[in-house]
There are 2 protein chains.
Amino acid sequence: MTETSAAPTGTRAPGRPRSREAGAAILAAALELLAERRYIAKISVAAIAARAGVGKATIYRRWAAKEELFTDAVATLRPPLPALAGVSVRDDLVDLLAQVCAEGDSPLDRALGVLMLNDDHLELVVRIKRTVFGPRDEQMRAVLRRGARTGELRPGFPPQTVRHLLVGGALMARRSEGTRPPRDCAAELVDTLLDGLCAAPAADPG
Amino acid sequence: MTETSAAPTGTRAPGRPRSREAGAAILAAALELLAERRYIAKISVAAIAARAGVGKATIYRRWAAKEELFTDAVATLRPPLPALAGVSVRDDLVDLLAQVCAEGDSPLDRALGVLMLNDDHLELVVRIKRTVFGPRDEQMRAVLRRGARTGELRPGFPPQTVRHLLVGGALMARRSEGTRPPRDCAAELVDTLLDGLCAAPAADPG
């Protein structure tokens, strides 16, 4: 799905190498400018064209609007996650979160954070949530459903709250623990939530 | 501490009613402009003065730099949390998180999110973290230490990861569950983490 949206939307010879190169250059230029200027409102199609070394018409042949171009550009930045091993729910959750922890805190990551908070581009934010973050969210939902089914997870846990704890925890961790290996960070988040915080009940003497 | 930093830093008659009113008007004007323009770089001292109905000199008598003014302004927005009941660790954690969940997702909250992601103002971000968010973080650390001491929480839990899960979870929840009462939201986050996700071990037949 992301592949589709990252491809040129025009039908004009999408397979020609020069055309594909131009498409990739345009998307990369859009992200570079986003990292530098942080606001889409500050980035013109002309600026993207100049940075990519193409004419404005080349951009307009592929994308009807700047917002569509940026949705495709962000999709290249947040590719779908790799297929999960599917053996243990714990390991799959660690794999999913390690990706979030690994995404770091670069100028581009920050610009993306700013973009998602920006209510000038609500439609773009909704599209990015649906096409970029939606598939990830669905992947985590599926792992949690599997855990409920196999009995690896306790019955009746609230799945949305579990996703908020894990993804929110990973976002906080990546901002404050930049030097820690993402996998260690993810494993500690997952294991802490799996184990819970309550003290073990006193051993039953009966 | 926050009270101190929210007070005028100058020593010139801080107690005079007109002076206090002007100080409050200046801080409120700074926050209004931050919600509207989102970037401190886009807000001049002259614009703050005009919005507050004071002269620029009045601002410079109180704050040496725009960054100090904004630190004080943000401090008025994120006051220290109320004293906790101190009876149960669970209830204290819910009280702390309910505040985070309640802070909502207004233009000003978004502007603050943008500010914290903005590496043009690293010094300001560090100051805000220390003076505004630091005391909250310390409050949660203290509750977790108490839980370890009283045995309400299991031995050996990683406190920083617990804070990341809870605060990150609350930030995610407040963006996606805007209509849910903040206390319900906070209680579900805390209880889910306290209970953990692992299925209960099979009853020991011995």
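Below you will find a few notes about this structure. (Residues numbered from 1 in each chain as written. Chains lettered and ligands numbered in written order. Predicted model: local features only at pLDDT ≥ 70, side-chain atom pairs only at ≥ 80, totals over all residues. Heavy atoms only, no water.)

### Some remarks on the pattern of salt bridges
Summed over all chains, the structure comprises 22 salt bridges over all chains. In this structure, A:Glu36 engages A:Arg51 in a salt bridge whose closest nitrogen and oxygen atoms are separated by 2.9 Å. One end of the pair, A:Glu36, is in helix H2 (residues 17–37); the other, A:Arg51, is in helix H3 (residues 45–52), with 15 residues separating them in the sequence. The class for A:Arg51 is partly exposed, based on a relative accessible area of 35%. Here B:Arg145 ties to B:Glu138 by a salt bridge, and the two come within 2.9 Å at their closest N and O atoms. You can call B:Arg145 partly exposed: its relative accessible area is 46%. Under the relative-accessibility criterion, B:Glu138 is labelled partly exposed at 36%. A cluster of three or more residues bridged by salt bridges with shared partners is formed by A:Asp137, A:Glu138, A:Arg141, A:Arg145 and A:Arg163. (Salt bridge = Lys/Arg side-chain N within 4 Å of Asp/Glu carboxyl O. Helix = DSSP H or I, 4+ residues; strand = E, 2+ residues; numbered from the N terminus. Buried < 20%, exposed > 50% of the residue type's maximum accessible area, 1.4 Å probe, protein only.)

### Section: the interface of chain B and chain A
Taken residue by residue, the interface counts 43 residues in chain B and 44 residues in chain A. Per-residue buried area on chain B facing chain A is highest for B:Leu117, B:Arg154 and B:Leu197; these three make up 20% of the total on that side. Connecting chain B to chain A are zero salt bridges. Remark: the boundary between chain B and chain A carries 14 residue pairs in polar contact (both at pLDDT 80 or more). Those elements that provide at least two residues to the side of chain B that touches chain A are helix H7 (107–116), helix H9 (159–176) and helix H10 (182–195) of chain B. Ranked by the residues each element gives to the side of chain B that touches chain A, the list is headed by H9(B), at 14 residues. Of the residues belonging to the side of chain B that touches chain A, the class tally is 20 nonpolar, eleven polar and twelve charged. (Contact = heavy atoms within 4.5 Å. Buried area = accessible area lost by both parts, 1.4 Å probe. Polar contact = N/O pair within 3.5 Å; in protein donor to acceptor, adjacent residues only side chain to side chain. Nonpolar A, V, L, I, M, F, W, Y, C, P; charged D, E, K, R; others polar.)

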